Structures are given as structure tokens and as C-alpha cells.
Amino acid sequence: MSKIIRIGTRDSQLAMWQAKTVQSQLEHLGHKTVLVPIKSTGDLVLDKPLYELGITGIFTKTLDIAMLKGIIDIAVHSLKDVPTVLPKGIIQGAVLKRGNINDTLVFKTNEEFLSAKDAVIATGSLRRRAQWLNRYPTHTIVGLRGNVNSRLEKLEENDDWNGAIFAGAGLGRLDLTPEDSINLSWMIPAPAQGAIMITALESDEETRAVLTEINDEVTQICTSIEREFLNRLEGGCTAPIGAICYINKEEEVNFKGILLSKDGTKKIEVAKVAALGSHHNIAEFCADYIIGKGGKILIDELTQGDKITNIYSTKKLTNDQVAKFHDDVVAQSNDSVKINPNRLTKSIIRNEIENVIITSQNAVEALLTNFSAVELQFKNIYCVGRKTKGIIEKRIGKVKHHATDAKALAEHMVEFMDGTEATFFCSNLRLDTIPDILEENNIKVNEVEAYETKFDAEKVEGDLDGVMFYSPSTVQSFLKQNKAKGIAFCIGETTATEAKKYFEEVRVAKVPLVESVVELVNAFYE
């Protein structure tokens, strides 16, 4: 290759060692190179544990940007720090032969504290923290950040610390492994720990071809399985997930993975062996096993545990609706009311009804449970809600007028409705708004209880920042089991009117849709 390959790297001592190792291998093959050190956010922010920084790819983001801007041709990373999904346009070009995979405990004087009830261990890794507490639940863990040298210095300076945990590969590469240290063979390392990876631009075919010359196939196979396992568990490099894979002399692929709770009290492990060549589903099998053994609950706790905004929906939300919430909102949901259609007699619809009022989708379903669409001969249909209007026009007939709430609908009918009589298909728990307004204006209302609404709210544990309501009955049902705390987020004015009787602060969605209530919550906590 004629051009000089610009090797991007962080400027820490360990990162420079890794970059120089790549440089040495490339130059040994006859390629010209130059090192381009770049400082990263992860090196600059040292006052918090990694898992509290909340940045994915903290040690790789700066180098990714430099590559996409054309400042460097390749970037050298510790593979365990690289997100499982690379930025668009960047690919893994090579992985070097793996070094020491183990975590290493460096201690002050001796190892006697391992059998003591009280001890203080330093680490900035949530995975190491969780596994240590799982094995030594009475010990205390303190945070530790910085480069290898500064962490060793902090261990020496803190008299009350018994030891600190490091990556064995990092200590070894810098020739800094103290005599007072042991490999923690029982601790499952981070996925791809001990491996050095090089990225390149997907479009740079010339550089990619060069990188294949230094790629180690065995390390690539094993680390790819570990990283796929991590990806399938939806965990970044800061989650307490461990994985190790190796190929033995019999050409068998051996895998072991682990997922823990942050405090180490819960642990799920998995192990699998497959012949090389028949190993391609190992990561999927092991991730599915972890999830099936309760891993999904642990992962939800990990992703939601630090969030402070707790919202409860009185209507069961779909997965798509839950996904619309901001990342800092935790949403629980359940149906607070149960709807049962009543049996209606044919006499109700024997003759064409001139004016019909429908205020919910439940009334539509109740009517269509009892009658066919052809039987429902309604001359003028008045309804509440855009969604209700859409369902009526799709399944019954044209809507004369729709409004966002009951009061607005009743006032429109008083002014514009033909005739002096209307039939209201309602629930047994309907509000008085429509009948009161119409009858005050000499319009007779024939009420037909099309469906029954039953209160079925659950008691919600813990404090809530807000509650989402979709009808007056959901307000009433929720308050049968719970106190009015936080903010009431309501789908419309009629629901808000009921909520205002109990909640100090009430917010109303602009459009009467569940998604609009979600947007209302997001806007408030943005």
C-alpha cells in the first residue's frame, strides 16, 4: 500500500501501547503508518463510575467522528469498550490475537481479607461490582476511575481499601502487574475483554484489505459470539453482563455467559459447547436462555432503575405506545375498567332514529355486538372523539358532527340539531353533561345503556409522578384503590373535569388519542 495509514488512538498510555502494537504489525508487513493521538470524553470525565456517565461508546465516539471526518484512516480500540452496533459507514477491519482475558485483583498486603466479613474493594465496572458482591455480599465497593497508573496510585493512597480490580491484559501490556495480585478465574470477564480491534471506513477497500493481513480468525470468532450475546441481551458495555468464549484442542467452541442485578443479589448463568462450524447459534441460544430464566426482568430493572419519573396509565398500553415515552419516563399500565356489552332488543332500532349520540368506541362495539351495520338506520350521528368518528364511519355510517368532549358536542347539538329528541347510547356510569345540557334546552334524551362499565383498578405500589386517564370512569376506578397524587394527564376535557375534583394539577391532551396523552407526559417532563 503506497499511502501512509493514519492510526487513530486515544492518548492514554495503554491505548498508545495498543496502537503501537498495531503499527508494528502493519509496518512489519511493509506498510507505512503514523500515529494520531486523540483525547476522548471517557479520559476527561473521571469523577464518576463509567456506568453513571450514560454515554454509549464513551471511549470510541471521538475516534468514530475523527474517522468519518477523514482525520484518520483506522482506529484502534479495546474491543470490550466498543458498542455492539458500529456507526453507519464504519466496520470492524481486524482483531488481533487475544491477550489475558481475566480480571485481576491487586491487593495491599495479603489475601486474608477475602475471608473477612468487612472489606473494601475498588472498581468502576458495574460487571465487576455485581460479581464481587454476589460472591462477597458483605463487602463494600467503591468507585475507581482513571488510567492504569492513576488507579494503582489511588489504591496505594487509600489506607482503608483492601484491593482493586483491573483487567489483567492492561496490567500486563504496561508491565505493571504487581506481585500482590491474583487472576480472578471465577469472575466472567466483559465480552471481548483482552482483545484489540481495529475499525476502518466501509468504503475504504484498500485499507480494509490491509487489515485482513493482521486479523486473528480464532479471536474474531470468539469475540463475535460474545458481542452478539451482549447485543441480544440489549446491554451496552456498562451493564453487568459477562461472556467468555474459547476454542479447545478438539475444535469445540465453549461459551459461558452471565447476567446479574446491580447489587449482585440476582445472577443468571448459561454455558454451551458446540463443534466449530456448528457454533453459529450459540449466542442466540444462550441469550434466549438468560431471558427465559428471568433475564428480561433484570434487564428492565437495569434500564429503568435510575429513572425518576414514574407514570401510571389507567389503560393498558401497547408496546408501540410505551416506546414513545422519553427515556427518563418509566410507565406502568393496566386497564382500570372492564367493559361488557349489554343485550339490546330489536325494538330499540325498529324505526330509523333521527339523532344518535355516541361518546365512545365501547358504545360502537356494543351496538355491533347486538346488531348488524345494516340494521343500524341512524339519520344523524353525533359523537365524541376523532377515533370514535373514524370507527363509526368505517363500520356504521356517516357522522353528522364530532367534538373533542361531551360539553362541546351538547352545545353544538343545541344550536344546530334538527328535531327535539336524541337517543344516547351510553354506559351505566355515564356523566350528566350531555343529558343536562340538552334537556335544559328542551331536547328530550332517550338513554340506552349499551354497555356496562365495571371498576377494576389495581393498587399501585410506590410513588407516582403522574397518572394517565382516558374517561371519567378511569378516574373513579383508580381512586377506589389509590390516592390522588402527582399530575393527572387526561385525554379530554370531560375526563379532566372529573380529575379536577381530586387532583391539584391536571393537564389535557390537544387531541383525544392515547398517543397524545403520551406526548403530553413527554412535554411536561422534557
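This text follows the structure it describes.
## Some words on the packing of helix α14 (residues 406-416) against helix α15 (residues 433-440)
Geometrically, a packed helix pair is captured by the angle between its two axes and the distance between the axes.
(1) Moving on: One way to put it is that α14 packs onto α15 with a least axis distance of 9 Å and a crossing angle of 20 degrees. Taken as axis vectors, α14 and α15 run roughly parallel relative to one another. Taken as a pair, α14 and α15 cross one another with a handedness that is right-handed. Here α14 contributes A406, K407, L409, A410, E411, M413 and V414 to the contact with α15, which in turn contributes T433, I434, I437 and L438.
(2) Moving on: Considering only residue class, the contact of α14 with α15 consists of eight nonpolar, one polar and two charged.

## Structural notes on the side chain of R227
(1) Moving on: Relative to the helices and strands, R227 resides in helix α9 (residues 217-232).
(2) Moving on: Buried and without a salt bridge, R227 has E226 as its closest oppositely charged side chain, separated by 8.2 Å.
(3) Moving on: Of note is the side chain of R227, whose polar atom sits 2.7 Å from the backbone oxygen of V82.
(4) Moving on: In this view, R227 contacts L79, V82, P83, T84, P191 and A192; residues no more than four positions away in its chain are not counted.

## Considerations on the sheet that holds strand β11 (residues 241-247)
(1) Moving on: Overall, antiparallel pairing links the three strands, which are arranged β11-β12-β13 in an open sheet. Pairing within the sheet leaves two strands with one partner each, and these edge strands are β11 and β13 (267-275). Adjacent strand axes in the sheet meet at a mean angle of 10 degrees when their direction is disregarded.
(2) Moving on: Relative to β13, strand β12 (residues 252-260) runs antiparallel, the two sharing nine bridges. Residue pairing across strands places E252 opposite A275, the latter belonging to β13.
(3) Moving on: Relative to β12, helix α5 (residues 126-135) is tilted by about 80 degrees, and along the sheet it contacts β11, β12 and β13.
(4) Moving on: Taken strand by strand, α9 contacts β11, β12 and β13, and its axis lies near 155 degrees from that of β11.

## Some thoughts on the environment of K338
(1) Moving on: Examined against the element boundaries, K338 turns out to sit in strand β16 (residues 337-341).
(2) Moving on: It is 6.5 Å that separates the C-alpha atoms of K338 and F455, two residues lying 117 residues apart in sequence.
(3) Moving on: Every residue in contact with K338, bar those within four places of it in the chain, is listed here: E452, T453, K454 and D456.

## Here we look at the pairing of strand β14 (residues 309-313)
(1) Moving on: β14 sits mainly inside the fold: four of its five residues count as buried.
(2) Moving on: Here β14 runs beside strand β22 (residues 466-469); their pairing, made up of three bridges, is parallel. Following the sheet pairing, I311 is matched in β22 by G466.

## A word on helix α4 (residues 61-68)
(1) Moving on: Regarding α4, the residues found buried are L63, D64, A66 and M67. All buried residues of α4 project into a common sector of 165 degrees when viewed along the axis, lining one side.
(2) Moving on: Remark: G70 follows α4 within two positions and exhibits a positive phi of approximately 85 degrees.

## Remarks on the packing of helix α12 (residues 361-370) against helix α13 (residues 386-395)
(1) Moving on: Where α12 contacts α13, the axes come no closer than 9 Å and their chain directions differ by 20 degrees. In terms of orientation, α12 and α13 fall into the roughly parallel class. The handedness of the crossing between α12 and α13 is left-handed. Residues Q361, V364, E365 and L368 of α12 form the contact with α13, whose participating residues are K387, T388, I391, I392 and R395.

## Overview of the pairing of β11
(1) Moving on: A large share of β11 lies buried, amounting to five of its seven residues.
(2) Moving on: Here β11 runs beside β12; their pairing, made up of seven bridges, is antiparallel. From the neighbouring strand, I244 faces β12, where its bridge partner is K256.
(3) Moving on: Connecting the antiparallel pair β11 and β12 is a turn made up of four residues, with E251 showing a positive phi of about 55 degrees.

## Considerations on the pattern of salt bridges
(1) Moving on: Tallied over the full model, the rule gives 20 salt bridges.
(2) Moving on: Across the pair R127 and D103 runs a salt bridge whose closest N-O atoms are separated by 2.9 Å. Of this pair, R127 sits in helix α5 while D103 sits in strand β5 (residues 103-107), and the two are 24 residues apart along the sequence.
(3) Moving on: Overall, R127 belongs to the buried group, its relative accessible area being 5%.
(4) Moving on: The class for D103 is buried, based on a relative accessible area of 0%.
(5) Moving on: Ionic pairing is found between K389 and E393, a salt bridge with its closest N-O pair at 3.3 Å. In this pair, K389 and E393 both sit in helix α13, four residues apart, roughly one turn of the helix.
(6) Moving on: Overall, the relative accessible area of 23% leaves K389 in the partly exposed class.
(7) Moving on: In this structure, a network of salt bridges that share partners links the residues K3, R6, D73 and D204.

Quick notes on the rules
- Residues numbered from 1 in each chain as written.
- Predicted model: local features only at pLDDT ≥ 70, side-chain atom pairs only at ≥ 80, totals over all residues.
- Heavy atoms only, no water.
- Axes fitted to C-alpha atoms, helices over the stretch in contact; angles between N-to-C directions.
- Helix = DSSP H or I, 4+ residues; strand = E, 2+ residues; numbered from the N terminus.
- Parallel < 35°, antiparallel > 145°, perpendicular 65-115°, else oblique.
- Left-handed = near helix turned anticlockwise from the far one by under 90°.
- Contact = heavy atoms within 4.5 Å.
- Nonpolar A, V, L, I, M, F, W, Y, C, P; charged D, E, K, R; others polar.
- Buried < 20%, exposed > 50% of the residue type's maximum accessible area, 1.4 Å probe, protein only.
- Lys, Arg positive; Asp, Glu negative; His and termini not counted.
- Salt bridge = Lys/Arg side-chain N within 4 Å of Asp/Glu carboxyl O.
- Polar contact = N/O pair within 3.5 Å; in protein donor to acceptor, adjacent residues only side chain to side chain.
- Pairing = 2+ DSSP bridges.
- Arc of directions from axis to C-beta.

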